[in-house]
Amino acid sequence: MSTENEGNAVPAAPSVPPVPDAAPEGTPASAPRGAAPEPTAHEPAPREPAPREPVAPTADQAGRFPESAPQYPSPQPQPQSQHGPAPEHAAAAPPRAADAGWPPPPPEFPSYGSYGGAGDEGVGNGGPAWGAPVQGHEPRPPRKRPSGLITAVLAAALIAGGVGGGVGYWAAESNDDGSIGSTTVSAADAPKEVKRDAGTVASVAAKSLPSVVTIEAQGGNGEGGTGTGFVYDREGHILTNNHVVASAANGGDLTATFSNGKKYNAEVVGRAEGYDVAVVKLKEAPPGLTPLPLANSEQVAVGDSTIAIGAPFGLSNTVTTGIISAKNRPVASGDGSGSSNSYMSALQTDASINPGNSGGPLLDSRGAVIGINSAIQSAGSGGMGQSQAGSIGLGFAIPINQAKNVADQLIKTGKPVYPVIGATVTMAEGGEGATISAQGEGGSPAVVPNGPAAKAGLKAGDVITKFNGTPIDSGPTLIGQIWTHRPGDKVTLTYKRDGKESTAQVTLGERQGES
């Protein structure tokens, strides 16, 4: 067997014993007896020792080395004999004549590629005992075999750790294209623009905010306040609440500030106290105004998503969200003095609404206006109104169908028009219906002669319990229902007289201006 250790030749033995008739399997026929066989195609090529210190292979009880032995043999094989390891002070013994035959003495760095199990020729129990010292070299102290095994395990662990560390470093430093560089994503690699899907709150808000204004009203008497409005048409009309602009309606200052910070002077076109609706117009309207789209408030359902935009407590361009909590909620609101009360069949929402949100749009999930935010229920107030307390999740909006009818009338004539039944009802709340009074204001008849109620046969003392099938529990509730219609509309009233229930068809009349 040839090795790579040709520089450390072993001296020839003094005598040559008889050689077996046949050379070991795999040895060429022409090879001289006593010479080592050349490597065959089945034998791995001898490996050159690595620069590091190799690990000694471990032999089994028969002195053989398994095929899976480490590939780096010890540079100084340990001496062995049948009586155990040689003593440390023993001198190197010359090779015996019996060992000088076939096979030749092992080299200093043997190759184990051709050694197999006990059945291999030249290796069995009669094979040479590896570990005889090489002449000319001082033997080292013997080591216990388990130490070699531990050393081999440690070497394998170090090799595995080195390979793993190298792979980890390569992976951390290499990009997908094989180039070396950092794998950290920098800010420059992030998307340049974040796109929001249509219908999300962010998308609706971004589209609607440019059409919403913050209104500041200042009266000549020093009274004033802040509210909200939104673009109603391209001519510069702004829709808002009456109580937002009331202080500046007669000779005060009125301004509207857009979300981009641009401020414009405005004037009151018309206002309706009973509806709590007002229209103002920009004195120098900028080009390119975009009115907010209007929805059909009759199609709103409880549970629909809502988005409110306004300036709560002066914080302009504030967006809040919620749902429709109820429909046709009878609400009577005012400034607390009773001089400008309004009545509505409101949309109730839990979107956060606070003072300053008044007049702002209540939007659906598409960004269409379904109502005008008008009133809140406050835990610190005795009823509906504009208390300075914060939102408790009870907000009320004028349905946009009603607000649109009022706005169109105000733009056209500057005065509101109210539908009426031609009868005066009591304003007590929490009863069994709306009772027609015994007499009207100033001693006038409670039922206007030849008016809509009189023509339908209604009389003083009758209790109206339903309006087009909707239950009525009080006078304010009846007024709120009536004002959701237009003059000339036909409605059905259910009433009680002397304990008997009856119905009547009534064609609504009209009243212009405030009474």
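Values in this document were obtained by computation on a predicted structure and should not be read as measured data.

## Some details on the overall build of the protein chain
Argument step 1. Broken down by element type, the protein chain carries six helices and 20 strands.
Argument step 2. Sorting the 515 residues of the protein chain into buried and exposed places 36% on the buried side.
Argument step 3. When contacts within the protein chain are restricted to residue pairs at least 6 apart in sequence, those whose partners lie at least 24 apart make up 64%.
Argument step 4. A total accessible area of about 28,100 Å² is found for the protein chain, and carbon and sulfur atoms account for 51% of it.

## A word on the pairing of strand β1 (residues 212-218)
Side chains on a regular strand alternate between the two faces of the sheet.
Argument step 1. The element β1 is largely enclosed, with a buried count of five among its seven residues.
Argument step 2. Judged from the seven bridges that link them, β1 and strand β2 (residues 224-231) form a sheet pairing that is antiparallel. Bridge pairing links Gln218 to Gly224 in β2.
Argument step 3. Connecting β1 to the next strand, β2, in antiparallel fashion are five residues, including Gly222 with a positive phi near 90°.
Argument step 4. With six bridges joining them, β1 and strand β4 (residues 253-258) adopt antiparallel strand pairing. The partner of Glu216 across the bridge, within β4, is Thr255.

## Observations regarding the packing of aromatic side chains
Argument step 1. With the rule as written, the count across this model stands at five aromatic pairs.
Argument step 2. An angle of 40° between the planes, with centres 4.8 Å apart, marks the rings of Tyr418 and Trp483 as tilted. Separated by 65 residues along the polypeptide, Tyr418 in strand β14 (residues 417-420) and Trp483 in the loop between α6 (475-482) and β18 (490-497) bring together distant segments of the chain. Comparing Tyr418 with Trp483, the two get one shared label, buried.
Argument step 3. One aromatic cluster is present, built from ring pairs that chain together Tyr275, Tyr343, Tyr418 and Trp483.

## Some details on unusual backbone geometry
Argument step 1. Phi angles above zero are rare outside glycine, and Phe313 is one such case at about 55°.
Argument step 2. Among the secondary structure elements, Phe313 is positioned in the loop between β7 (305-310) and β8 (318-333).
Argument step 3. Here Asn317, not a glycine, exhibits a phi torsion of approximately 60°, which is positive.
Argument step 4. Among the structural elements, Asn317 can be located in the loop between β7 and β8.

## Notes on the environment of Leu508
Argument step 1. Relative to the elements of secondary structure, Leu508 occurs in the loop between β19 (500-507) and β20 (509-512).
Argument step 2. Accessibility expressed as a relative area gives 4% for Leu508, which makes it buried.
Argument step 3. Sequence separation between Leu508 and Gly422 is 86 residues, and the spatial gap between their C-alpha atoms is 8.2 Å.

## Brief notes about the environment of Lys412
Argument step 1. Along the chain, Lys412 falls in helix α4 (residues 400-413).
Argument step 2. Separated by 142 residues in sequence, Lys412 and Gly270 have C-alpha atoms that sit 9.3 Å apart.

## Concerning the pattern of salt bridges
Argument step 1. For the structure on display, the rule yields four salt bridges.
Argument step 2. Two residues, Glu273 and Arg271, come together in a salt bridge whose shortest N-O distance is 3.9 Å.
Argument step 3. Linking Asp408 and Lys404 is a salt bridge whose minimum nitrogen-to-oxygen distance equals 3.0 Å. Here Asp408 and its partner Lys404 are both found in helix α4, four residues apart, which amounts to about one turn of the helix.

## A word on α4
Argument step 1. In a regular helix each residue adds 1.5 Å, so 14 residues correspond to 20 Å; α4 covers 20 Å between its end C-alpha atoms and thus fits that length.
Argument step 2. For α4, every residue scored as buried is listed here: Ile400, Gln402, Ala403, Val406, Ala407 and Leu410. Buried residues of α4, viewed axially, fall in a sector of 150°; they line one side.
Argument step 3. A positive phi of about 80° marks Gly414, the residue just after α4.

## What about the side chain of Asn357?
Argument step 1. Following the sequence through the fold, Asn357 ends up in the loop between β9 (342-349) and β10 (361-363).
Argument step 2. Since its relative accessible area comes to 1%, Asn357 is described here as buried.
Argument step 3. If near-sequence neighbours (up to four positions away) are discounted, Asn357 is found in contact with Thr228, Ile309, Gly310, Ala311, Pro312, Ser352 and Asn373.

## Describing the sheet that holds β4
Argument step 1. Ordered by their spatial adjacency, six strands build a closed barrel running β1-β2-β3-β6-β5-β4, and the pairing between neighbours is antiparallel. Along the sheet, successive strands turn relative to each other by an average axial angle of 40°, direction set aside.
Argument step 2. Here β2 pairs with strand β3 (residues 237-240) via two bridges, running antiparallel. Across the sheet, the residue bridging to Val231 is Ile238, located in β3.
Argument step 3. Across the face of the sheet, α4 comes into contact with β2, β3, β5 (263-272) and β6 (277-282) while running at roughly 55° to β6.

## A word on helix α2 (residues 201-208)
Argument step 1. Among the residues of α2, those classed as buried are Val204, Ala205 and Ser208. Down the axis of α2, the smallest arc covering the buried residues is 95°, so these residues share one side. Those residues of α2 that are exposed and aimed more than 90 degrees away from the buried face are Ala206 and Lys207.
Argument step 2. Where α2 is buried, its residues meet β1, β7, β8 and β10.

## Regarding the nonpolar core
Argument step 1. Ranked by size, the top nonpolar core spans 50 residues in total, and within it Leu239, Val277 and Leu478 carry the most contacts.
Argument step 2. Per-element accounting of this core gives the leading share, five residues, to α4.
Argument step 3. Leaving out residues up to four positions away in the same chain, Leu239 has contacts with Gly229, Phe230, Tyr232, Val277, Ala278, Val279, Gly359, Ile372, Ile400 and Ala407.
Argument step 4. Grouped together as the second largest cluster of nonpolar side chains are 17 residues, Leu254, Phe258, Ala266 and Leu282 included.

## Describing the confidence of the model for the protein chain
In low-pLDDT segments, the atomic positions of the prediction should not be examined closely.
Argument step 1. Predicted confidence across the protein chain gives a mean pLDDT of 74, with 60% of residues reaching 70 or more.
Argument step 2. Long-range and interchain partners of residues 1-45, a stretch whose pLDDT sits below 50, account for 48 contacts in this model, where long-range means more than four residues apart.

## Comments concerning the environment of Asp498
Argument step 1. Position of Asp498 relative to the elements: it lies in the loop between β18 and β19.
Argument step 2. Taking the C-alpha atoms as reference points, Asp498 and Asp462, 36 residues apart in sequence, are found 8.2 Å from one another.

Cut-off values and rules
- Residues numbered from 1 in each chain as written.
- Predicted model: local features only at pLDDT ≥ 70, side-chain atom pairs only at ≥ 80, totals over all residues.
- Heavy atoms only, no water.
- Helix = DSSP H or I, 4+ residues; strand = E, 2+ residues; numbered from the N terminus.
- Buried < 20%, exposed > 50% of the residue type's maximum accessible area, 1.4 Å probe, protein only.
- Contact = heavy atoms within 4.5 Å.
- Areas by Shrake-Rupley, 256 points an atom, 1.4 Å probe, with all protein chains shown as cover.
- Pairing = 2+ DSSP bridges.
- Phe/Tyr/Trp six-rings, centres within 6.5 Å; stacked < 30°, edge-to-face > 60°.
- Salt bridge = Lys/Arg side-chain N within 4 Å of Asp/Glu carboxyl O.
- Expected span 1.5 Å × (residues − 1).
- Arc of directions from axis to C-beta.
- Axes fitted to C-alpha atoms, helices over the stretch in contact; angles between N-to-C directions.
- Core = buried A, V, L, I, M, F, W, Y, C linked by side-chain atoms within 4.5 Å.
- pLDDT = per-residue confidence, 0-100.

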